[in-house]
Amino acid sequence: MQLHFSPSMRSITISSSNGFIDLMKIKVAARHISYRTLFHTILILAFLLPFVFILTAVVTLEGVNKCSSFDCLGRRLGPRLLGRVDDSERLVRDFYKILNQVNTEEIPADLKLPNSFSQLVSEMKNNQYDAKTFALMLKAMMEKFEREMRESKFAELMNKHFAASSIPKGIHCLSLRLTDEYSSNAHARKQLPPPELLPLLSDNSYHHFILASDNILAASVVVASAVQSSRDPGKIVFHVITDKKTYAGMHSWFALNPVSPAIVEVKGVHQFDWLTRENVPVLEAVENQNGIRKYYHGNHIAGANLSDTTPRTFASKLQARSPKYISLLNHLRIYLPELFPNLNKVVFLDDDIVIQKDLSPLWDIDLGGKVNGAVETCRGKDEWVMSKRFRNYFNFSHPLVSKYLDPEECAWAYGMNIFDLKTWRKTKIRETYHYWLRENLKSNLTMWKLGTLPPALIAFRGHVHPIDPSWHMLGLGYQNRTNIESVKQAAVIHYNGQSKPWLQIGFEHLRPFWTKYVNYSNDFVRNCHILES
């Protein structure tokens, strides 16, 4: 900014610093000028100079955009100074109005939708759509994509259900090869345990574990992890129970792969004299009733209104239809006092768990006269596993359920339970279990649908002693975001849920906790191409 006085003092010029733009020029009459007038003129200029400086700065900054300062300032400040609204704001308001109008309208059935946003833009240019037509097309496209995403999610859940219910080729091969070995190899048929160790099967000074499974590989992991994690494996006795078709293969595995000094007994359900139709009439009905078999083995989509069902609810219903829930092997735990009449205290394990710490302190827990030592599942914040109450398992619109049960009562977990069989024999737990199973059958499975836990929740009411959650961590088959540090600290980790570690749908980062106990060097495992992931 420069100020120039002419030699004759007849003019004063204000120009930019580069000298090319004359911003203001004042001419003074020579004959009538006075010092007083000049003083007033300079005083006025002093007030004007800051504004001129700001104007110059605006010109410089906006020069990049090739925008005249007066023009830019006029467009930006003019409407506001005059109390008018910018056209862009009015356009947005009008568009919101159109969107609200379209939101309440039905989409025409014959409306042809573009397949992509670029195609939509192209059609807008070619057909010169108005705003309402554009909003209608946009709504139809979004609803179409939402339907497709929803259908894809249900298809994913269905495929996952089939994958979880199937038997992997390698595990099926392992069972067949070991069954064949049982018939051809005398070593595979040797007595388990040896005759001299038979008295230890009913010795209550030992730590007795009971495992019911038809999965040989999974059972081997449970036993191996328990033995390797124990401080005194010589005190461990495993009672492995399996079904008739798996018995030969299961016996072969533990006969050919001893876990000394621990003791392993393998028995089939057909070898228990107590398990007769007279003693388990309700379960006989569960396995043979046509309606029940159709429910578990039939079309899982038929009769389901997917438009009114959330993916999570659909996933729960699919899980409830797992065929394992009508297997006698899965209900076997309710008969432990009768199957093992000489034992006082046992730990019952599911086959989808891994033992990471010594479990001998469980036998020192005082159950306070209760029967079942279990981890409660209503004390956590996650929605899938540790926030379960009776309302999550039962249909409280059923009159019998609403009359006798409390929806807010805390649930507990199967998978790792310490049972006081001596106290259990003094109760009516088995009879209560049978009664509610029978009532649910009469009501066509309208009281509950999810497996063996609901009737157990009722039968064991008043007989459960809560144990510390660190003994039993659940949800590794449900939650992909399971905290790894918590997994490492847990005594027992439970892959309950569909994503079992031996399946391809298992979570990759959680699988190593299970695979570390698989004997991949075993000839049968290698020949069946069961490979470490």
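One can find the structure itself at the top, above this paragraph.
Residues numbered from 1 in each chain as written. Predicted model: local features only at pLDDT ≥ 70, side-chain atom pairs only at ≥ 80, totals over all residues. Heavy atoms only, no water.

1. Description of the overall build of the protein
Line of reasoning, step 1. When you go through the protein residue by residue, the secondary structure sums to 20 helices and 12 strands.
Line of reasoning, step 2. Expressed as a percentage of the 533 residues in the protein, the buried residues total 45%.
Line of reasoning, step 3. Considering only intrachain contacts with a sequence separation of at least 6, the fraction spanning at least 24 residues in the protein is 71%.
Line of reasoning, step 4. In the form shown here, the protein has an accessible surface area of approximately 29,600 Å², with 54% of it arising from carbon and sulfur atoms. (Helix = DSSP H or I, 4+ residues; strand = E, 2+ residues; numbered from the N terminus. Buried < 20%, exposed > 50% of the residue type's maximum accessible area, 1.4 Å probe, protein only. Contact = heavy atoms within 4.5 Å. Areas by Shrake-Rupley, 256 points an atom, 1.4 Å probe, with all protein chains shown as cover.)

2. Focus: the packing of helix 6 (residues 169-184) against helix 8 (residues 244-256)
Line of reasoning, step 1. Running from amino to carboxyl end, helix 6 crosses helix 8 at an angle of 80°, the nearest separation of the two axes being 7 Å. Between helix 6 and helix 8, the interaxial angle falls into the category roughly perpendicular. Counting all contacts with helix 6, which are made through L174, S175, L178, T179, E181 and Y182, the residues of helix 8 involved are Y247, A248, G249, H251, S252, W253 and L256.
Line of reasoning, step 2. Grouping the constituent residues of the contact of helix 6 with helix 8 by class yields 7 nonpolar, 5 polar and 1 charged. (Axes fitted to C-alpha atoms, helices over the stretch in contact; angles between N-to-C directions. Parallel < 35°, antiparallel > 145°, perpendicular 65-115°, else oblique. Nonpolar A, V, L, I, M, F, W, Y, C, P; charged D, E, K, R; others polar.)

3. What about the state of the cysteines?
Line of reasoning, step 1. Summed over the entire model, instances satisfying the criterion amount to 2 disulfides.
Line of reasoning, step 2. Between the sulfur atoms of C173 and its disulfide partner C528 the distance amounts to 2.1 Å. Disulfide C173-C528: the torsion about the S-S bond is -75°, which places it as left-handed. Residue C173 is found in helix 6, and its partner C528 is found in the segment after helix 20 (523-527); the two are separated by 355 residues along the sequence. (Disulfide = S-S within 2.5 Å.)

4. Examining the side chain of D351
Line of reasoning, step 1. In this fold, D351 is placed in the loop between strand 7 (345-349) and strand 8 (353-355).
Line of reasoning, step 2. Buried charged residue D351 carries no salt bridge. Nearest counter-charge: K500, at 6.1 Å.
Line of reasoning, step 3. Among the polar contacts made by the side chain of D351, one reaches the side chain of S213 at a distance of 2.7 Å.
Line of reasoning, step 4. In this view, D351 contacts L211, S213, N215, A218, V222 and W502; residues no more than four positions away in its chain are not counted. (Lys, Arg positive; Asp, Glu negative; His and termini not counted. Salt bridge = Lys/Arg side-chain N within 4 Å of Asp/Glu carboxyl O. Polar contact = N/O pair within 3.5 Å; in protein donor to acceptor, adjacent residues only side chain to side chain.)

5. Some details on unusual backbone geometry
Line of reasoning, step 1. Note the cis peptide between L192 and P193, where omega equals -10°.
Line of reasoning, step 2. Cis geometry marks the peptide bond from S260 to P261; its omega dihedral reads 5°.
Line of reasoning, step 3. Locating P261 in the fold gives a position in the loop between helix 8 and strand 6 (263-268).
Line of reasoning, step 4. Unlike most non-glycine residues, N444 shows phi in positive territory, near 60°.

6. Considerations on the pairing of strand 4 (residues 207-212)
Line of reasoning, step 1. Burial runs high along strand 4: 6 of the 6 residues are buried.
Line of reasoning, step 2. The two faces of strand 4 match: H207, F209 and L211 on one face and H208, I210 and A212 on the other face are all buried.
Line of reasoning, step 3. Sheet topology note: the strand 4/strand 5 (residues 236-242) ladder contains 6 bridges and is parallel. Pairing of F209 across the sheet is with F238, part of strand 5.
Line of reasoning, step 4. Handedness of the crossover is the feature at issue here: the chain leaves strand 4, passes through helix 7 (residues 216-229), returns alongside strand 5, and the resulting connection is right-handed.
Line of reasoning, step 5. Relative to strand 7, strand 4 is paired through 4 bridges, and the arrangement is parallel. Its bridge partner lying in strand 7, I210 is registered against F348. (Pairing = 2+ DSSP bridges. Right-handed = clockwise from strand over helix to strand, strands pointing away.)

7. Describing the pattern of salt bridges
Line of reasoning, step 1. Summed over all chains, the structure comprises 12 salt bridges.
Line of reasoning, step 2. A salt bridge links E409 to R461, with the shortest nitrogen-to-oxygen separation between them at 3.0 Å. With E409 in the loop between helix 14 (399-404) and strand 10 (416-420) and R461 in the loop between helix 17 (453-459) and strand 11 (464-466), this residue pair connects regions lying 52 residues apart in the sequence.
Line of reasoning, step 3. Judged by relative accessible area, R461 falls into the partly exposed class, the value being 32%.
Line of reasoning, step 4. Between K442 and E439 there is a salt bridge whose closest N-O contact spans 3.6 Å. With K442 and E439 both in helix 16 (residues 429-442) and 3 residues apart, the pair spans about one turn of that helix.

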